[in-house]
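Okay, here's what each chain looks like letter by letter:
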Amino acid sequence: AQSVTQLGSHVSVSEGALVLLRCNYSSSVPPYLFWYVQYPNQGLQLLLKYTSAATLVKGINGFEAEFKKSETSFHLTKPSAHMSDAAEYFCAVSDLNNDMRFGAGTRLTVKP
Amino acid sequence: KAGVTQTPRYLIKTRGQQVTLSCSPISGHRSVSWYQQTPGQGLQFLFEYFSETQRNKGNFPGRFSGRQFSNSRSEMNVSTLELGDSALYLCASSLVGGSSTDTQYFGPGTRLTVL
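Reading the values: the criteria
- Residues numbered from 1 in each chain as written.
- Chains lettered and ligands numbered in written order.
- Predicted model: local features only at pLDDT ≥ 70, side-chain atom pairs only at ≥ 80, totals over all residues.
- Heavy atoms only, no water.
- Helix = DSSP H or I, 4+ residues; strand = E, 2+ residues; numbered from the N terminus.
- Rg over C-alpha atoms; globule rule 2.2 N^0.38 Å.
- Buried < 20%, exposed > 50% of the residue type's maximum accessible area, 1.4 Å probe, protein only.
- Pairing = 2+ DSSP bridges.
- Axes fitted to C-alpha atoms, helices over the stretch in contact; angles between N-to-C directions.
- Contact = heavy atoms within 4.5 Å.
- Buried area = accessible area lost by both parts, 1.4 Å probe.
- Salt bridge = Lys/Arg side-chain N within 4 Å of Asp/Glu carboxyl O.
- Polar contact = N/O pair within 3.5 Å; in protein donor to acceptor, adjacent residues only side chain to side chain.
- Nonpolar A, V, L, I, M, F, W, Y, C, P; charged D, E, K, R; others polar.
- Phe/Tyr/Trp six-rings, centres within 6.5 Å; stacked < 30°, edge-to-face > 60°.

A. Representation of the overall build of chain B within the structure. When helices and strands are counted, chain B shows zero helices and eleven strands. The linear arrangement of helices and strands in chain B, starting from the amino end, is β-β-β-β-β-β-β-β-β-β-β. Its C-alpha radius of gyration of 13 Å places chain B within 12% of the 13 Å reference for a compact globule of 115 residues. Counting only C-alpha atoms and orienting by the principal axes, one finds that chain B spans roughly 40 × 25 × 25 Å. Taking all 115 residues of chain B together, the buried fraction comes to 50%.

Encoded structure:
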């Protein structure tokens, strides 16, 4: 069965610093991988997704993620953190059955 | 285009009662999926409906059920509520599901509290 593991339930960075949120996946078939962001009391918003077209995926709000098959990773990065990036981030893997499995989430704190 | 809407946004019920949650997908979307989000278990897939048929199901007891109407709107029902059913229930819609080019769009969720 497919699954994702997010390393680090909490990540804290200073404003302007690099953001790196880690995600490793397990899948027996080529995966579709996603990063979602959730702000307090809101649903999930799609940041970006990987569907095998390109290994480096650019998303909204300056985020990007690189699919590395050899490392089974799909880490999310942003060169310069902004206060508005503070939220919870979820990595997810899906198959063609639309059965999406989410990681436990990483709460990002941005310090001024 | 309007996003996914869920009603109600908040619900308080007592143990043993039943509850029905509603989800209206984005116009033109035919696939609706439901998820339960709790601090302890995280986000867990409940089921997916497409063209009024349950196409996929997660590992939840039979107390959790759903249906989809001809206009793609979906309802989720939980019978004989337990304290552990307190959670944020999220609905997501996509065009057809099962496609690498498809994307699930989430609603704001319904927060259910069971007392």
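B. Broad picture of the sheet that holds strand S7 (residues 64-68) of chain B. All names here are of chain B. If you walk across this open sheet you meet the four strands as S1-S3-S8-S7, and the pairing is antiparallel. A single partner strand is all that each edge strand has here, and the edge strands are strand S1 (5-7) and S7. Strand-to-strand, the axes of this sheet are offset by a mean angle of 20 degrees, without reference to chain direction. In terms of strand pairing, S7 meets strand S8 (residues 74-78) through five bridges, oriented antiparallel. Bridged to Gly66 within S8 is Met76.

C. Structural view of the pairing of strand S6 (residues 53-57) of chain B. All names here are of chain B. With four bridges connecting them, strand S5 (residues 42-50) and S6 associate as antiparallel partners. Within the sheet, the bridge partner assigned to Glu48 lies in S6 and is Asn56. Between S5 and the antiparallel strand that follows it, S6, lie two residues; Ser51 among them carries a positive phi value of about 50 degrees.

D. Spatial organisation of the sheet that holds strand S8 (residues 73-78) of chain A. Residues and elements named next belong to chain A. Spatial ordering of the open sheet is given by S1-S3-S8-S7-S6, a layout of five strands whose pairing is antiparallel. At either margin of the open sheet sits one strand with a lone partner, and together these are strand S1 (3-7) and strand S6 (56-58). Geometrically, the sheet is characterised by an average inter-axis angle of 20 degrees between neighbouring strands, direction not taken into account. As paired elements, S6 and strand S7 (residues 64-68) share three bridges and run antiparallel to each other. Pairing of Lys58 across the sheet is with Glu64, part of S7.

E. Spatial organisation of the interface of chain A and chain B. Counting from both sides, the interface comprises 17 residues of chain A and, opposite them, 23 residues of chain B. Of the roughly 1700 Å² buried at the junction of chain A and chain B (both faces included), carbon and sulfur atoms supply 50%. Scanning the region where chain A abuts chain B turns up zero salt bridges. Linking chain A to chain B there are three residue pairs in polar contact (both at pLDDT 80 or more). Elements with a minimum of two residues in the side of chain A that touches chain B: strand S4 (32-38) and strand S5 (44-50) of chain A. Grouping the amino acids of the side of chain A that touches chain B by side-chain chemistry returns eight nonpolar, seven polar and two charged.

F. Main features of the packing of aromatic side chains. In this structure the tally under the stated criterion is 14 aromatic pairs over all chains. Between Tyr36 of chain A and Phe102 of chain A, the aromatic rings sit 6.0 Å apart at their centres with planes inclined by 55 degrees, giving tilted as the arrangement. Note that Tyr36 of chain A is positioned in strand S4 and Phe102 of chain A in strand S10 (residues 101-102), a separation of 66 residues in sequence. Phe102 of chain A carries the same exposure label as Tyr36 of chain A, and that label is buried. With a centroid separation of 5.2 Å and an interplanar angle of 80 degrees, the aromatic rings of Tyr36 of chain A and Phe106 of chain B are classed as edge-to-face.

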